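Given next are the chains, with one letter for each unit.
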Amino acid sequence: MTMAAGSDEATINDARALLREFARSQWQELYLVNDGLEIFIARQGGGANPMTTAAAPAPAPRPEAVNKVQLSTPHVATLLTCAAEGAALKAGDVAATLELLDETVDVLAPVAGRVSLVSAASGSLLEFGAPILVILKYPQ
Amino acid sequence: MTIRRLFIANRGEIALRIVRAAQGLGIETVVAVSDADRESAAARLADRAIVIGPAQAAKSYLDPRLIVHAAKASGCDGLHPGYGFLSERAILPRLCAQHGIAFVGPEPDVIDALGDKLRAREMAKSAGVPLVPGSDSIGSAQDARRAGDSIGYPVLLKASAGGGGRGMVIANNGEEAEAGFHRATAEAVAAFGDGTLFMERFVPEARHVEVQLMGDGRGKVVHFGERDCSVQRRYQKLIEEAPCAAMPETLRRQLHESAVALAASVNYRNAGTAEFLFDVARQEFYFIEVNARIQVEHPVSEMISGFDLVQEQIRLAGGAGLSVAQDQVVLWGHAIECRINAEDAARDFLPSPGKVTRWEPPSGTGIRLDSHMSKGSVIPPFYDSMVGKLVAHGRDRAEAIARLSDAIDGFVVEGVPTTLGLHRAIIQHPDFVENRIDTRWLERVFLPAAKGQA
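Basis of the calculations
- Residues numbered from 1 in each chain as written.
- Chains lettered and ligands numbered in written order.
- Predicted model: local features only at pLDDT ≥ 70, side-chain atom pairs only at ≥ 80, totals over all residues.
- Heavy atoms only, no water.
- Helix = DSSP H or I, 4+ residues; strand = E, 2+ residues; numbered from the N terminus.
- Rg over C-alpha atoms; globule rule 2.2 N^0.38 Å.
- Contact = heavy atoms within 4.5 Å.
- Lys, Arg positive; Asp, Glu negative; His and termini not counted.
- Charge placed at Lys NZ, Arg CZ, Asp CG, Glu CD.
- Core = buried A, V, L, I, M, F, W, Y, C linked by side-chain atoms within 4.5 Å.
- Buried < 20%, exposed > 50% of the residue type's maximum accessible area, 1.4 Å probe, protein only.
- Pairing = 2+ DSSP bridges.
- Axes fitted to C-alpha atoms, helices over the stretch in contact; angles between N-to-C directions.
- Phe/Tyr/Trp six-rings, centres within 6.5 Å; stacked < 30°, edge-to-face > 60°.
- Buried area = accessible area lost by both parts, 1.4 Å probe.
- Salt bridge = Lys/Arg side-chain N within 4 Å of Asp/Glu carboxyl O.
- Polar contact = N/O pair within 3.5 Å; in protein donor to acceptor, adjacent residues only side chain to side chain.
- Parallel < 35°, antiparallel > 145°, perpendicular 65-115°, else oblique.
- Left-handed = near helix turned anticlockwise from the far one by under 90°.
- Nonpolar A, V, L, I, M, F, W, Y, C, P; charged D, E, K, R; others polar.

Visitor: Residue-level account of the overall build of chain B, with values.
Guide: A tally of regular secondary structure across chain B gives 15 helices and 23 strands. The C-alpha atoms of chain B give a radius of gyration of 22 Å, which matches the 22 Å a tight globule of 454 residues would have. On the principal axes, the C-alpha backbone points of chain B span a range of 60 × 55 × 45 Å. Taking all contacts inside chain B whose residues are at least 6 apart in sequence as the whole, residues at least 24 apart take part in 65%. For chain B, the centre of its 51 positive side-chain charges and the centre of its 57 negative side-chain charges are spaced 4 Å apart.

Right, dumping it as structure tokens:
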């Protein structure tokens, strides 16, 4: 069981009650998100735990391989500018800029490296999670 | 101007409903989806779906910037907010106006005014609409006691910025009024960020009655009859019906006139519902609030009028006038709706998200189901647990109940528990059949008895 919650007594009692019900039930796994409580319970051999996999905030760089980092769109936006393929970036550099209504949002490079693939066209509307570019990390 | 491409800023069954209504008018549709709703029924039916954010509503459906940006960038010239989410937050129509998108709903100033319960009461008073005997804002515990003494106990302390039954405290005497003031203020600040309170008479045997309205924004308002939504649990409606069979004809006419007068006094535009408390013992009705949006239970009004309210909303937002005059609205028969949730009624209504492994909905004369579900649908844990609204229409209330009962019997859902069984038990209960219910009936009479038998 994995739980993220406040430590007040009411929430702890809720979690205990939930665990009791789960133990008495036929369920194999349960994932509940509610006010102030996120809880995942599984019997042995149950499914993947969404809490450990969902912990990273968007944009989560998804490594395709150990030496590559994918930058994805953090929320729907229009792509304004993007580093070009082959460009060298330091960690913290602005890799791309997005437009959301009248505001500009910077997408920063999480690591140093070279831009190996640009997947999005400037001026296009990007959905949440859409790939923007891939950074090939400099060898350590 | 007529809308050519409509953006739907909602999810679930209402998103599907709006897509269907727009398609019926020959309008293109673009629907906003969160990461969890990529494969939703609305997404599949619409011309385009745009993934605006992650599953969490706060980062998707509740972010007006993401919504309006997606609408504008996809070439939409109209936006329908559905119900819940941002439908009564004035920031959405304001942003729409700034970016040249027609909002399917009232003016933002009207939304703001009606969302403030105290201001709404003032507007009702000016329009000659009866109010629940009550007070202006209460500034102190002593004020609370004075107001309670003057109104007559029992009384209800309510948050001016509130709704959905939250932040309400009952007081049976002066001491409880003073103590209740402090508690209600704290709850109101915590829930709505605004501790302003007012007080109303508490009516023990009350029915919740509301009137469906449609305005052209220029002072003309038409009504589509009233609805009775008295079967409630924790201030959430479970069953709604049209008309209110418990209210005599003359009183219902006065109710309609009051509701229309109120909406006309503010040049109300688009769909809205005026909610009233019906004091059965005194045979009086009192204004509670206006919901400035289309409501979950709009289908029962559509069933008795044969009218498509959502299409009318879209037409009005495109600049058209009302399609009908009042004398062209003909109400016939009786309709009852059950809101079906994926909840385990036996386990204190525990929300039970999961995958629907079998979905065999009912059909037949007078049966309507508004649902986005199908076999294989996954109900995500991030939003409400409503899986659909089952509606039955008949020539009278008895026939509607019979048809609804048969429909529930023929409805097979597996993979998640639903409240279908609960609804069937409610509509077969003698109190419901003989229409002796009030807003506290479900929690005080039905549920305790059902628990005792479990």
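Visitor: Account for the nonpolar core, naming residues and giving values.
Guide: Most often, soluble globular proteins have nonpolar side chains that are buried together. Residue and element names in this part refer to chain B. Phe-7, Leu-79, Phe-276 and Phe-287 are the most contacted members of the largest nonpolar core, which has 52 residues in total. The dominant element in this core, judged by the number of residues it contributes, is helix H9 (residues 249-265), at six residues. Residues in contact with Leu-79, not counting those within four places in the same chain, are Leu-6, Phe-7, Ala-9, Ile-67, Ala-71, Leu-92, Cys-96, Ile-101, Ala-102, Phe-103 and Val-104.

Visitor: Account for the sheet that holds strand S7 (residues 94-100) of chain A, naming residues and giving values.
Guide: Strand order across the open sheet formed by four strands is S8-S7-S5-S10 (chain A), with antiparallel pairing between neighbours. Two strands close off the open sheet at either side, each with one partner strand: strand S8 (103-108) and strand S10 (125-126) of chain A. In terms of strand pairing, strand S5 (residues 77-82) of chain A meets S10(A) through two bridges, oriented antiparallel. Note on S10(A): the bridge partner recorded for Ala77(A) is Leu126(A). Sitting on the sheet, helix H3 (residues 64-73) of chain B is in contact with S5, S7, S8 and S10 of chain A, with an inclination near 85 degrees to S7(A).

Visitor: I'd like to hear about the environment of Ala245(B), residue by residue, with values.
Guide: Residue and element names in this part refer to chain B. Inspection of the secondary structure assignment puts Ala-245 in the loop between strand S12 (236-242) and H9. When the C-alpha atoms of Ala-245 and Thr-439 are compared, they prove to be 15 Å apart, with 194 residues separating the residues in sequence. The contact partners of Ala-245, leaving out residues within four places of it in the chain, are His-334, Arg-397 and Asn-435.

Visitor: Mind laying out the packing of aromatic side chains, listing which residues take part and the relevant values?
Guide: Residues and elements named next belong to chain B. The full count for this structure, using the stated rule, is eight aromatic pairs over all chains. Arranged with centres 6.1 Å apart and planes meeting at 80 degrees, the rings of Phe-276 and Phe-287 form a pair that is edge-to-face. With a gap of 11 residues between them, Phe-276 in strand S13 (residues 269-279) and Phe-287 in strand S14 (residues 284-291) connect regions that are remote in the sequence. Each member of the pair, Phe-276 together with Phe-287, is buried. Ring geometry for Trp-441 against Phe-446: centres 5.6 Å apart, planes inclined by 45 degrees, an arrangement best described as tilted. Given the relative accessible area of 4%, Trp-441 is considered buried. The class for Phe-446 is buried, based on a relative accessible area of 6%. Linked through ring pairs, Tyr-61, Phe-85, Phe-382 and Tyr-383 together constitute an aromatic cluster.

Visitor: Please set out unusual backbone geometry residue by residue, giving values where relevant.
Guide: Residue and element names in this part refer to chain B. Along the chain, Tyr-153 connects to Pro-154 via a cis peptide bond; the corresponding omega equals 0 degrees. Looking at the element boundaries, Pro-154 is found in the loop between helix H7 (141-151) and strand S7 (155-159). Residue Pro-243 follows Ala-242 across a cis peptide bond; omega there is -5 degrees. By the element assignment, Pro-243 lies in the loop between S12 and H9. Located in the positive-phi region is Tyr-235, a residue other than glycine, with phi close to 65 degrees. As for its position among the elements, Tyr-235 is in the loop between strand S11 (221-233) and S12. Residue Tyr-235 is classed as partly exposed on the basis of its relative accessible area, which comes to 45%. Backbone geometry at Asn-270 places phi at a positive 80 degrees, although glycine is not the residue there. Exposure remark for Asn-270: the relative accessible area of 1% places this residue in the buried category.

Visitor: If you had to explain the interface of chain A and chain B to someone new, which residues and values would you point to?
Guide: Listed by partner, the interface residues are 19 residues for chain A and 22 residues for chain B. For chain A, the biggest contributors to the area lost against chain B are Leu101(A), Leu125(A) and Phe128(A); these three give 34% of the whole. The interface formed by chain A and chain B contains one salt bridge. Between Glu103(A) and Arg65(B) there is a salt bridge whose closest N-O contact spans 3.7 Å. Scanning the region where chain A abuts chain B turns up seven residue pairs in polar contact (both at pLDDT 80 or more). When residues in the side of chain A that touches chain B are grouped by element, the largest group, three residues, is from strand S2 (residues 29-34) of chain A.

Visitor: Pulling in residues and values, what's your account of the packing of H7(B) against helix H8 (residues 174-192) of chain B?
Guide: Residue and element names in this part refer to chain B. Running from amino to carboxyl end, H7 crosses H8 at an angle of 140 degrees, the nearest separation of the two axes being 8 Å. As far as their axial angle goes, H8 and H7 are oblique. H8 is crossed by H7, and the crossing has right-handed handedness. Between H7, through Ala-141, Ala-144 and Arg-145, and H8, the contact on the second element is made entirely by Gly-174, Glu-175, Ala-177, Glu-178, Phe-181 and His-182. Looking at the contact of H7 with H8 residue by residue, the classes come out as four nonpolar, two polar and three charged.

Worth remembering: the numbers are spatial, not functional.
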